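So you can see what is in the structure, the chains are spelled out below.
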Amino acid sequence: SYDDWFAKEHAPLAGLATDAPVVGVVLQKSHINTGDAGHYISLISELEARGAKVVCVYSGGLDFSGPLKKYFFKAGKVVVD
């Protein structure tokens, strides 16, 4: 799963501590689709350089509730700081 990949591969390679703060970022899918994501890449890179874990979500529509529930909550608890 994404969570396993992030915890076991990405976070260690990025030098992120297991207890690092977690920042949730909501992206606009149109920027991803058009390749206009430089501002997202810069933001994520800077947050990670400062020691934060970054969890990004996006949705094809205006309703982000599905991705937010899936990636920002676990067992009914908020997992982003």
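The shown structure was predicted, so the numbers you read here are calculated from the model rather than taken from an experiment.

**Some points on the pattern of salt bridges**
Under the criterion given, the structure shown has 2 salt bridges. Across the pair Lys 74 and Asp 3 runs a salt bridge whose closest N-O atoms are separated by 3.0 Å. Placement of the pair is Lys 74 in strand S3 (residues 73-74) and Asp 3 in helix H1 (residues 2-14), with a sequence separation of 71 residues. Judged by its relative accessible area of 31%, Lys 74 falls in the partly exposed class. Take Asp 3: its relative accessible area is 34%, and that puts it in the partly exposed class. Here Arg 50 ties to Glu 46 by a salt bridge, and the two come within 2.6 Å at their closest N and O atoms. Looking at Arg 50, the relative accessible area reads 69%, which means it is exposed.

**Quick look at the side chain of Lys 53**
Here Lys 53 is to be found in strand S2 (residues 53-57). In this structure, Lys 53 is buried with no salt-bridge partner, the nearest side chain bearing the opposite charge being Asp 19 at 7.1 Å. Among the polar contacts listed, one links the side chain of Lys 53 to the backbone oxygen of Thr 18, at a separation of 2.9 Å.

**Details of the layout of surface pockets**
Quantified by volume, the largest pocket comes out at close to 180 Å³. Forming the boundary of the largest pocket are Tyr 2, Asp 3, Phe 6, Ala 7, Val 22, Lys 53, Val 55, Tyr 71, Lys 74 and Val 79. At the level of elements, H1 and S2 are the ones that each hand at least two residues to the lining of the largest pocket. Here the lining of the largest pocket gets 4 residues from one element, more than from any other, and that element is H1. A per-class count over the lining of the largest pocket returns 7 nonpolar, no polar and 3 charged.

Scoring rules and cut-offs
Residues numbered from 1 in each chain as written. Predicted model: local features only at pLDDT ≥ 70, side-chain atom pairs only at ≥ 80, totals over all residues. Heavy atoms only, no water. Salt bridge = Lys/Arg side-chain N within 4 Å of Asp/Glu carboxyl O. Helix = DSSP H or I, 4+ residues; strand = E, 2+ residues; numbered from the N terminus. Buried < 20%, exposed > 50% of the residue type's maximum accessible area, 1.4 Å probe, protein only. Lys, Arg positive; Asp, Glu negative; His and termini not counted. Polar contact = N/O pair within 3.5 Å; in protein donor to acceptor, adjacent residues only side chain to side chain. 1 Å grid on protein atoms, 1.4 Å probe; cavity = no way out; pocket = protein on both sides within 12 Å on 5 of 7 lines; lining within 4 Å. Points joined across faces, edges and corners; volume = space filled by probe spheres on them. Nonpolar A, V, L, I, M, F, W, Y, C, P; charged D, E, K, R; others polar.

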